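Examination of the molecular architecture
If you want the building blocks of each chain, they are given just below.
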Amino acid sequence: MEFLGYRRPDGRVGVRNKILILPASVCASDTAGIVAGQVEGAVTFHNQNGCSQVGADQQMTVDVMAGYAANPNVYGTVVISLGCENCQMDLVAAAIRERTNKPLEQFIIQECGGTVRTVELAVRAAREMAAEASRMQKEPFPMSELIVGTECGGSDPTSGLASNPLIGEMSDRMVSLGGTSILSETTEFIGAEHILARRGATPEISQRIYDIVHRYEKALQLVGEEVRAGNPSPGNKAGGLTTLEEKSLGCIHKGGHTSVNAVYDYAKPVEAHKGLVIMDTPGNDPSSVAGMVAGGCQVVVFSTGRGTPTGNPIAPVIKITGNKLTFAKMEDNIDLDASPVLYGPQSLEEMGDVLMAELQAVASGKLTKAEALGFTEMAIARVCNYV
Amino acid sequence: MNAMMIDPKDNVAVAIEPIRKGEEIVLRGGAAGVTATEEITIYHKVAVRPIAKGEPVVKYGEHIGLASADIAPGSHVHTHNVADHREVL
């Protein structure tokens with residue numbers, strides 16, 4: 001099984017060919033937005049962070065920025081910083097260079113002489129980069145080059161019965177093909193961590209699974225908060241999910257049945273050809289997806305019960321639902337109806353063929369519903385308040 | 001078939017069609033011998049066994065919480081009669 005992708009100079013394979021206009025901080029975000037709007041194939045996002053953060057928080061932000069620039073769906077990156085922020089240009093550029101040797105341009109607003117001059121310089125650089133990117137030709141690559149991120153959002157009981165088991169089937173197939181599948185959302189392991197821990201490839205990995213769950217719970221308790229305060233959400237409950245444990249036991253089906261071969265911290269580089277791995281991310285969808293995309297995943301497969309629009313600036317997000325009513329109501333946002341897993345006529349295995357074919361098509365360039373709508377929302381996970 | 005029981009250890013099933021009060025619960029294996037005592041919204045849970053107050057509610061063969069009231073077979077099982085309970089796993 002092969003897909004048509006783009007070979008990058010660092011050896012990775014992309015499924016899109018974007019120019020990333022990367023704001024190093026909140027203060028550069030609007031300028032980056034103007035630049036991206038002027039260049040075909042350019043993408044950006046509103047970076048809420050990049051300044052006034054404690055060390056661990058800033059590291060997460062830097063890891064997302066560097067990971068986005070290094071993601072193989074990106075041809076090259078134009079970084080725009082304000083100049084005085086904590087995420088200094090040299091720090092961001094060094095973090096990117098640690099991960100990739102792809103094209104990189106840098107503009108500092110306070111040195112260029114304000115927004116208008118920065119826009120002029122950055123648009124020229126990005127336009128040249130876009131012209132170079134357009135000369136790339138797609139080549140066939142085995143599916144094993146893919147790192148697939150898995151996510152569930154707006155869950156309901158059909159997530160655990162149909163769409164997540166279907167994602168698990170895809171995950172098992174990606175593992176047997178020699179690729180990588182990422183299971184994420186640590187808060188939604190709570191109550192199911194013992195099942196995942198049993199599948200750790202080594203005792204150390206099993207212990208790490210317990211550790212990331214307990215660390216998350218403890219971190220919230222330290223500030224007097226409880227993970228259950230917003231989880232399950234009102235929509236989860238309206239759909240029929242009663243407790244976090246129930247949600248978690250459905251969530252972990254996305255990981256299929258193979259051994260867990262690694263546990264990665266948020267937004268850290270994920271290895272290709274690694275089988276099933278876990279990334280320690282929040283249950284919050286846009287920030288969990290951002291962590292996996294920063295880890296290098298080229299495609300995200302996302303299950304929903306209530307129906308969600310989530311996209312991403314650089315990775316296509318394939319949306320599936322096992323809720324036949326939601327698919328009928330929100331077909332504009334959802335790529336694949338997984339309800340036959342519950343109602344037939346197709347079996348889980350037959351639906352696995354359908355999802356793998358969709359994954360192959362999207363990896364080869366087919367736009368997802370979220371891409372066709374131009375959806376690029378994302379968030380960066382955080383440790384605590386700004387300073 | 002109007003409901004699905006995931007694991008033989010479960011004491012709840014998930015309605016996969018809207019179930020009316022008085023309707024029989026029919027699982028993949030056939031009738032569960034339980035009648036819905038109230039309307040069950042599609043994809044919500046229905047008790048297939050009596051669950052005493054304080055007993056675990058079991059789905060996927062795992063505990064998802066504790067019954068906060070006695071739950072009769074055929075009853076809707078949700079936040080009104082299930083309490084969160086964090087277990088050491």
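Residues numbered from 1 in each chain as written. Chains lettered and ligands numbered in written order. Predicted model: local features only at pLDDT ≥ 70, side-chain atom pairs only at ≥ 80, totals over all residues.

1. So, the overall build of chain A
The secondary structure content of chain A amounts to 15 helices and 14 strands. At 20 Å, chain A has a C-alpha radius of gyration in line with the 21 Å of a compact globule built from 387 residues. Expressed along its principal axes, the backbone C-alpha trace of chain A runs to roughly 60 × 50 × 40 Å. Every one of the 387 residues in chain A was classed for burial, and the buried ones make up 57%. Once local pairs closer than 6 in sequence are excluded, the contacts in chain A between residues at least 24 apart make up 74%. (Helix = DSSP H or I, 4+ residues; strand = E, 2+ residues; numbered from the N terminus. Rg over C-alpha atoms; globule rule 2.2 N^0.38 Å. Buried ≥ 20, exposed ≤ 12 C-beta atoms within 10 Å, placed from the backbone. Contact = placed C-beta atoms within 7 Å.)

2. Points about the pairing of strand β12 (residues 299-304) of chain A
Residues and elements named next belong to chain A. β12 sits mainly inside the fold: 6 of its 6 residues count as buried. Neither face of β12 is open: one carries Val299, Val301 and Ser303, the other Val300, Phe302 and Thr304, and all of them are buried. Across 6 bridges, the pairing between strand β8 (residues 147-153) and β12 is parallel. Note on β12: the bridge partner recorded for cysteine 152 is serine 303. Alignment of β12 against strand β13 (residues 317-321), held across 5 bridges, turns out to be parallel. Paired with serine 303 across the bridge in β13 is isoleucine 320. (Pairing = 2+ DSSP bridges.)

3. Remarks on the nonpolar core
Counting 129 residues, the largest nonpolar core has Ile21, Leu22, Val78, Ile80 and Val299 of chain A together with Val46 of chain B as the members making the most contacts within it. Taken together, domain 1 (18-133) and domain 2 (142-372) of chain A each give at least three residues to this core, which thus spans both. Residues within four places of isoleucine 21 of chain A in sequence aside, it is in contact with Ala32, Val35, Ala36, Ala42, Thr44, Val78, Ile80 and Ala126 of chain A. (Core = buried A, V, L, I, M, F, W, Y, C linked by C-beta atoms within 7 Å. Domains from an automatic or database assignment.)

4. Topic: the interface of chain B and chain A
Residue-level contacts link 18 residues of chain B with 18 residues of chain A. Ranked by the residues each element gives to the side of chain B that touches chain A, the list is headed by strand β7 (residues 62-67) of chain B, at 4 residues. Of the residues that constitute the side of chain B that touches chain A, the class distribution is 8 nonpolar, 6 polar and 4 charged. (Nonpolar A, V, L, I, M, F, W, Y, C, P; charged D, E, K, R; others polar.)

5. Let's talk about the environment of serine 347 of chain A
Mapped onto the fold, serine 347 of chain A is located in the loop between α13 (340-343) and α14 (348-363). Serine 347 of chain A sits 107 residues away from glycine 240 of chain A along the chain, and the two C-alpha atoms are 24 Å apart.

6. Things to note about helix α6 (residues 157-177) of chain A
An α-helix turns once every 3.6 residues. As a result, residues three or four positions apart point the same way. Residue and element names in this part refer to chain A. Its 21 residues give α6 an end-to-end C-alpha distance of 30 Å, which sits within 8% of 30 Å, the value for a rise of 1.5 Å per residue. Along α6, the sharpest change in direction is near 35° and occurs at asparagine 164; proline proline 165 comes one to four residues later. The element α6 is extensively covered by neighbouring structure, given that 18 of its 21 residues are classed as buried. Glycine 178 lies just past α6 and shows a positive phi near 100°. (Expected span 1.5 Å × (residues − 1). Bend = angle between axes of the 7 residues up to and from the residue.)

7. Regarding the domain arrangement of chain A
It is common to give the size of an interface as the accessible area that goes away when the parts come together. All names here are of chain A. With domains assigned, chain A is organised as domain 1 (18-133) and domain 2 (142-372). The C-alpha-based centres of domain 1 and domain 2 are spaced at 28 Å. Mapped by element, the contributors of at least two residues to the side of domain 1 that touches domain 2 are β3 (18-23) and α2 (55-70). Among the residues forming the side of domain 1 that touches domain 2, the class breakdown is 9 nonpolar, 4 polar and 3 charged.

8. Details of the packing of helix α1 (residues 29-37) of chain A against helix α5 (residues 115-133) of chain A
Residue and element names in this part refer to chain A. Interaxial distance between α1 and α5 falls to 9 Å at its minimum, and their mutual angle equals 45°. Here α1 lies oblique to α5, going by the angle between them. Crossing handedness for the pair α1 and α5: right-handed. On α5, the residues that touch Thr31, Ile34 and Val35 of α1 are Thr115, Thr118, Val119, Ala122, Val123 and Ala126. Partitioned by chemical class, the residues of the contact of α1 with α5 number 6 nonpolar, 3 polar and no charged. (Axes fitted to C-alpha atoms, helices over the stretch in contact; angles between N-to-C directions. Parallel < 35°, antiparallel > 145°, perpendicular 65-115°, else oblique. Left-handed = near helix turned anticlockwise from the far one by under 90°.)

9. Overview of the sheet that holds β12 of chain A
All names here are of chain A. Read across the open sheet, the 7 strands follow the order β10-β11-β9-β8-β12-β13-β14; overall the sheet is parallel. Lying at the two open borders of the sheet, with one neighbouring strand each, are β10 (260-264) and β14 (336-337). Direction of pairing for strand β9 (residues 180-183) relative to strand β11 (residues 275-279): parallel, over a ladder of 4 bridges. Looking at the pairing, isoleucine 182 lines up with valine 277 of β11. Those strands touched by helix α11 (residues 285-295) are β8, β9, β10, β11, β12 and β13, and its axis lies near 175° from that of β8. Relative to the sheet, α14 contacts β12, β13 and β14, its axis offset from that of β12 by approximately 135°.

10. A word on the packing of α6 of chain A against α14 of chain A
Residues and elements named next belong to chain A. For the pair α6 and α14, the least separation of the axes is 9 Å and the interaxial angle reads 70°. One element, α6, and the other, α14, form an angle in the roughly perpendicular class. Crossing hand, α6 versus α14: right-handed. On α14, the residues that touch Pro165, Leu166, Glu169, Met170 and Arg173 of α6 are Leu348, Met351, Gly352, Leu355, Met356 and Leu359.

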